[in-house]
Amino acid sequence: MTHVEDELTSQPECWTRAATEAARHGGVLPATGERVAIVGCGTSYFMAQSAAALREDAGRGETDAFAASEFPYGRAYDRVVALTRSGTTTEVLDLLGRLKGRVRTVAITADPDTPVMTAADDTVVLDFADERSVVQTRFATTALTLLRAHLGLHTDAVVADARTALAADLPEGLVACTQFTFLGRGWTVGLANEAGLKMREASLSWTEAYPAMEYRHGPISITTAGRAAWMFGEAPEGLAEQVRETGGLWVPGTLDPLAELVRAQRLAVAVAAARGLDADRPRHLTRSVILAP
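Reference entry: report on the structure contained in this document. From a predicted model like this one, the values you see are computed outputs, not experimental measurements.

### Examining the overall build of the chain
A count of helices and strands for the chain gives 10 helices and 9 strands. What you see for the chain is a C-alpha radius of gyration of 18 Å, in line with the 19 Å of a compact globule of 293 residues. Along the first, second and third principal axes, the C-alpha set of the chain runs to 55 × 40 × 40 Å. By residue count, 57% of the 293 residues in the chain fall in the buried class. A separation of at least 24 residues holds for 71% of the contacts in the chain among residues at least 6 apart in sequence.

Right, here's the structure in full:
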């Protein structure tokens, strides 16, 4: 078993622990009514997209998501939340340094022995979800679970769905597909983006991700036999039928969308194995991007 396989299978336990600990961290996580930005890089950026959409939809306050390198310093926020598994990513540390003394910052990280511990005003350490693998799985979903629980949106049913996602067979013919499109709506757009990234990182697959209603506006033209479209959450009316008419494989989202991401993680590992690739050694990637001064 690869590191990434071992880590992705531990997600139900990690989510349960994160949900239990959410109340303990409530004092440093965004309060209702605050104007908030959530930032990250790569996987963490996509989790930020999902968390921001969830918070706004829950009526907790205006919430934006940015790649750390694209943060708009001219905007005013009450709190900035940085997601960083390694605690060493250059863009995140640079951002926190520039915000020091200007706006309250909190970092959610996996490693307490890294520079982010002093770069941020407050920290939440999810060391039980840390990973050896380059391809990030359980830390990202555990951090999002923490934020969902903080909003009162996590239930035991989410964990049950994650266990189902780990136990059930992947759809027939999916591993053999040559192209994958992931679709979301609202908070699941970030999950769709992350599913596409996982496939690219682990299996070098041709993947794309879109808001589901945008799929008809051009991207559906690439769908045909041997290609798949996977929906995270409820699909727009008629979209499944349109995909099937192209000859493509339609994969409906039948579980909680975060559990659907676990299924996509499994697909990434399975496709990597089918192509003779080592998911623990993704091409051109390192666990953290640390730029030279």
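The discussion continues.
### Quick notes on helix α8 (residues 188-203)
Over its 16 residues, α8 runs 22 Å from end to end, which matches the ideal 22 Å to within 8%, given 1.5 Å per residue. Counting buried positions over the 16 residues of α8 gives 15, a clear majority of the element. Backbone geometry just downstream of α8 places L204 in the positive-phi region, at approximately 55 degrees.

### Focus: helix α10 (residues 257-274)
Taking 1.5 Å per residue as the helical rise, α10 with its 18 residues ought to reach 26 Å, and the 25 Å between its terminal C-alpha atoms agrees with that figure. For α10, the tally of buried residues reaches 15 of 18 residues, placing the bulk of the element in the interior. Capping the start of α10, D256 holds a side-chain oxygen 3.0 Å from the backbone nitrogen of L258, two or three residues further along. At the exit of α10 stands G276, carrying a positive phi of roughly 75 degrees.

### A look at the pairing of strand β1 (residues 36-40)
Along any regular strand the residues' side chains alternate between the sheet's two faces. Within β1, 5 of the 5 residues are buried, which leaves the element mostly enclosed by the surrounding structure. In the sheet, β1 pairs with strand β2 (residues 63-67) via 5 bridges, with the strands oriented parallel. Bridge pairing links V39 to F66 in β2. Following the backbone out of β1, through helix α3 (residues 43-57) and into the adjacent parallel β2, one traces a crossover that is right-handed. Note: β1 against strand β3 (residues 79-84), 4 bridges, orientation parallel. In the strand pairing of β3, A37 is matched with V80.

### With respect to unusual backbone geometry
Located in the positive-phi region is L204, a residue other than glycine, with phi close to 55 degrees. Along the polypeptide, L204 turns up in the loop between α8 and β7 (206-211).

### Some thoughts on the sheet that holds strand β6 (residues 179-184)
Taken in spatial order, the 4 strands make up an open sheet running β7-β6-β8-β9, and their pairing is parallel. Each edge of the open sheet is held by one strand with a lone partner, namely β7 and β9 (249-251). Each strand of the sheet is rotated relative to its neighbour by a mean of 20 degrees, with strand direction disregarded. Across 6 bridges, the pairing between β6 and β7 is parallel. If you follow Q179 over to β7, its bridge partner there is W206. The strands touched by α10 within the sheet are β6, β8 (227-232) and β9, with β8 carrying the most contacts at an inclination of about 155 degrees.

So, how was this worked out
- Residues numbered from 1 in each chain as written.
- Predicted model: local features only at pLDDT ≥ 70, side-chain atom pairs only at ≥ 80, totals over all residues.
- Heavy atoms only, no water.
- Helix = DSSP H or I, 4+ residues; strand = E, 2+ residues; numbered from the N terminus.
- Rg over C-alpha atoms; globule rule 2.2 N^0.38 Å.
- Buried < 20%, exposed > 50% of the residue type's maximum accessible area, 1.4 Å probe, protein only.
- Contact = heavy atoms within 4.5 Å.
- Expected span 1.5 Å × (residues − 1).
- Polar contact = N/O pair within 3.5 Å; in protein donor to acceptor, adjacent residues only side chain to side chain.
- Pairing = 2+ DSSP bridges.
- Right-handed = clockwise from strand over helix to strand, strands pointing away.
- Axes fitted to C-alpha atoms, helices over the stretch in contact; angles between N-to-C directions.

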